[in-house]
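# A look at the structure
The lines below spell out each chain.
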Amino acid sequence: MADPLSASPARALASRWHDHLLKERRRSVHTVRAYVATAHRLIGFLEGHFGEAVTPAALLELTPADLRAFLAVRRSQGLANSSAARELSAARAFLAFAAAEAGEQANVPRLKGPKQARTVPRPVAPDDAVRLAEEAADNASEPWIAARDWAILLLLYGGGLRVAEALGLTGAALPLGDVLTVTGKRAKTRRVPLLPQVREAIQRYVQLCPYGTSRDEVLFRGARGGPLNGEMVRRAVRNARRNLGLGERTTPHALRHSFATHLLGRGADLRALQELLGHASLSSTQIYTAVDTAHLMDVYRNAHPRA
């Protein structure tokens, strides 16, 4: 049976974009999946909008009104401002690729994206971060799974890793030293200092894990020995925070925010923090200065007699 996603020239173009993003742009699998899904949604909308099959040439002739109509349909389906902005960004990137494939200068319709509130990450207090990891470990069904969950959550907080980065580690990271090489977004690598407590937690997990630690296979295993799914980490944190009475914004990613905020609060250089977090742009790191300022204002209001 023919693949419905490649049944038209425009959809075949979307398939080539998939390969371009993955192999040439080195985007993550999750990003590629989301971007290409947007491309197919756009093509599907245009087929109904124009009442005919969409060609790559037709994509080059889209107007701001066409993109606005696409976004209006997506918003009617419940898309929030942040998601709508990502949808628009992905659609514009796809249209730029279509122009490049045709050998023409990109003339993507200009359209202002939805306004997005710039939220400040909420860090988890150091004691709460440790309590969260302890509670998640206590809730585990087996000792080796308890050691795994404890090690992962300490790694997120102590090293500032993303969940996907921690779960992407392989046995090649062993034996552990003072630094850990992490592969982040767009396959970029960085070196992160490994705290003694984090190193000991990972070594304890390695000793208890019944599935071994082959260099070519993932370090953190699921209950049946396969790669651990990030949703399992998030579920463990949800259960732990519920038991501890912590807020819903206490997530695995919040532990990464905490790592950044606490380092900045102790005088870390912004550029050094950018390297540790693996941010491509310094502007992504600068948001933590707002977090630290907010913390200082809270301290001031609570402590100053005339605040």
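Rules of the game
Residues numbered from 1 in each chain as written. Predicted model: local features only at pLDDT ≥ 70, side-chain atom pairs only at ≥ 80, totals over all residues. Heavy atoms only, no water. Helix = DSSP H or I, 4+ residues; strand = E, 2+ residues; numbered from the N terminus. Buried < 20%, exposed > 50% of the residue type's maximum accessible area, 1.4 Å probe, protein only. Contact = heavy atoms within 4.5 Å. Areas by Shrake-Rupley, 256 points an atom, 1.4 Å probe, with all protein chains shown as cover. Salt bridge = Lys/Arg side-chain N within 4 Å of Asp/Glu carboxyl O. pLDDT = per-residue confidence, 0-100. Phe/Tyr/Trp six-rings, centres within 6.5 Å; stacked < 30°, edge-to-face > 60°. Expected span 1.5 Å × (residues − 1). Arc of directions from axis to C-beta. Patch = residues over 30% accessible without salt bridge, like charges linked within 9 Å, V, L, I, M, F, W, Y side chains within 5 Å. Lys, Arg positive; Asp, Glu negative; His and termini not counted. Charge placed at Lys NZ, Arg CZ, Asp CG, Glu CD. Axes fitted to C-alpha atoms, helices over the stretch in contact; angles between N-to-C directions. Parallel < 35°, antiparallel > 145°, perpendicular 65-115°, else oblique. Left-handed = near helix turned anticlockwise from the far one by under 90°. Nonpolar A, V, L, I, M, F, W, Y, C, P; charged D, E, K, R; others polar. Core = buried A, V, L, I, M, F, W, Y, C linked by side-chain atoms within 4.5 Å. Pairing = 2+ DSSP bridges.

## Comments concerning the overall build of the protein
Of regular secondary structure, the protein possesses 13 helices and two strands. Taking all 307 residues of the protein together, the buried fraction comes to 40%. Taking contacts inside the protein between residues at least 6 apart in sequence as the whole, the part at least 24 apart equals 60%. Accessible surface for the protein amounts to roughly 17200 Å². Of this, 50% is attributable to carbon and sulfur atoms.

## Digging into the pattern of salt bridges
In the structure shown here, the tally under the stated rule is 12 salt bridges. Linking R190 and E165 is a salt bridge whose minimum nitrogen-to-oxygen distance equals 2.8 Å. With R190 in strand β2 (residues 189–193) and E165 in helix α8 (residues 163–167), the pair connects residues that are 25 residues apart, well separated along the chain. The buried category is assigned to R190, whose relative accessible area is 8%.

## A look at the confidence of the model for the protein
Here the protein shows a mean pLDDT of 79. Residues at 70 or above account for 77%. Of all helices and strands in the protein, the one with the weakest mean pLDDT is helix α13 (residues 282–303) (53), whereas helix α9 (residues 196–208) scores best (93). This model gives residues 1–6 a pLDDT under 50, and the stretch forms eight contacts once residues within four places in sequence are excluded.

## Side note on the packing of aromatic side chains
By the definition in use, this model includes six aromatic pairs. Consider the rings of W144 and Y211, whose centres lie 5.7 Å apart with planes at 80°: the pair is edge-to-face. Taken as a pair, W144 in helix α7 (residues 143–159) and Y211 in the loop between α9 and α10 (230–244) lie far apart in primary sequence, 67 residues in all. Its relative accessible area of 6% is what places W144 among the buried residues. According to the relative accessible area criterion, Y211 is partly exposed, its value standing at 35%. An aromatic cluster of at least three residues, connected via ring pairs, comprises W144, Y205, Y211 and F220.

## Considerations on α7
Over its 17 residues, α7 runs 23 Å from end to end, which matches the ideal 24 Å to within 8%, given 1.5 Å per residue. The element α7 is largely enclosed, with a buried count of 15 among its 17 residues. The positive-phi residue at the C-terminal boundary of α7 is G160, with phi of around 70°.

## Considerations on helix α4 (residues 64–76)
Here α4 spans 18 Å end to end across 13 residues, near enough to the 18 Å set by a 1.5 Å rise per residue. Considered for burial, the residues of α4 that qualify are D66, L67, F70, L71 and R74. Across the axial projection of α4, the buried residues extend over an arc of 135°, all falling on one side. Here the buried face of α4 lies against α2 (29–50) and α5 (81–101). Note on α4: the residue one or two positions beyond its end, G78, has a positive phi of about 100°.

## Digging into a positive patch on the surface
There is a patch of like positive charges on the surface, built from R25, K185, R186 and K188. With respect to the element layout, K188 can be found in the loop between β1 (179–183) and β2.

## Some details on the packing of helix α1 (residues 9–24) against α2
The axes of two packed helices give the description: the angle between them and the distance between them. Taken N-terminus to C-terminus, the directions of α1 and α2 make an angle of 165°; their axes are 10 Å apart at the nearest point. Between α1 and α2, the angle falls in the class roughly antiparallel. Where α1 crosses over α2, the two elements pack in a sense that is right-handed. Mapping the contact onto sequence places A10, R11, A14, W17, H18, L21 and L22 in α1 and V29, V32, Y35, V36, A39, H40, I43, G44 and E47 in α2. Grouping the constituent residues of the contact of α1 with α2 by class yields 11 nonpolar, three polar and two charged.

## So, unusual backbone geometry
Cis rather than trans, the peptide bond between L174 and P175 has omega equal to -5°. Along the chain, P175 falls in the loop between α8 and β1.

## Quick look at the nonpolar core
Ranked by size, the top nonpolar core spans 40 residues in total, and within it L153, L155, L156, Y205, F220 and L255 carry the most contacts. Here the element with the most residues in this core is α7; it accounts for 10 residues. Among the nonpolar cores identified, the runner-up in size contains 24 residues, and A39, F45, L62 and A98 belong to it.

## Digging into the pairing of β2
By the alternation rule, side chains of β2 split into R190 and V192, which are all buried, and T189, R191 and P193, of which none is buried. Taken together, the five bridges between β1 and β2 define a ladder with antiparallel strand orientation. Residue pairing in the sheet places T181 in a bridge with R191 of β2. Two successive antiparallel strands, β1 and β2, enclose a turn made up of five residues, where R186 displays a positive phi of approximately 55°.

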